Amino acid sequence: MALPTLTPEQRADALAKAAEARKARSELLASIKSGKQTIASVLGRAKEDKTVGKTKVAALLKAVPGLGAVKVAALLEQAGVDPDRRAAGLGDRQRAALIDALK
């Protein structure tokens, strides 16, 4: 399946939109890392907030101070969450299991 041919204006718009989304995700992860937002509050609004919803759960957890790749992988396995799962795709039980594990 071939990608649609975009006009230069459409391409520029798409690039700008992608850059804006990356910047928003970066700010989200920085706010978690600094402690301004808790992982519980972020996961709680994953269904409504597109920025949160499209961010991978592993990336959100790695932003939590004290959690690295190994601990995040163990948490995800314990909660039954696929490492490639995005925050909007988490079920209620998975979300609750992750939040409980981090308390």
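Procedures and definitions
- Residues numbered from 1 in each chain as written.
- Predicted model: local features only at pLDDT ≥ 70, side-chain atom pairs only at ≥ 80, totals over all residues.
- Heavy atoms only, no water.
- Core = buried A, V, L, I, M, F, W, Y, C linked by side-chain atoms within 4.5 Å.
- Buried < 20%, exposed > 50% of the residue type's maximum accessible area, 1.4 Å probe, protein only.
- Contact = heavy atoms within 4.5 Å.
- Salt bridge = Lys/Arg side-chain N within 4 Å of Asp/Glu carboxyl O.
- Helix = DSSP H or I, 4+ residues; strand = E, 2+ residues; numbered from the N terminus.
- UniProt positions renumbered as here; feature names shortened; annotations may be inferred.

Enquirer: What exactly am I supposed to notice about the nonpolar core here?
Expert: Taken as a class, soluble globular proteins show a tendency for nonpolar side chains to be buried jointly. Formed by 23 residues in total, the largest nonpolar core has its most connected members in Ile-32, Leu-43, Leu-60, Leu-61, Leu-76 and Leu-98. When residues no more than four places from it in sequence are discounted, the contact partners of Leu-76 are Val-57, Ala-58, Leu-61, Val-81, Pro-83 and Leu-98.

Enquirer: What's the story with the pattern of salt bridges in this structure? I'm lost.
Expert: Any two side chains of opposite charge can pair, given that their charged atoms come close. The full count for this structure, using the stated rule, is 4 salt bridges. Glu-27 is paired through a salt bridge with Lys-23; the nearest N and O atoms lie 3.2 Å apart. In this pair, Glu-27 and Lys-23 both sit in helix H1 (residues 8-34), 4 residues apart, roughly one turn of the helix. Take Glu-27: its relative accessible area is 46%, and that puts it in the partly exposed class. Between Asp-84 and Lys-56 there is a salt bridge, and its shortest N-O distance comes to 3.7 Å. Of this pair, Asp-84 sits in the loop between helix H5 (69-79) and helix H6 (92-101) while Lys-56 sits in the loop between helix H3 (50-53) and helix H4 (57-62), and the two are 28 residues apart along the sequence.

Enquirer: Would you take a moment to explain the UniProt feature "domain: Integration host factor-like helix-two turn-helix" (unreviewed entry) in the chain for this structure?
Expert: As recorded in UniProt, the feature "domain: Integration host factor-like helix-two turn-helix" (unreviewed entry) lies at residues 32-100. Helix makes up 57% of residues 32-100 and strand makes up 0%, while its end C-alpha atoms are separated by 17 Å.

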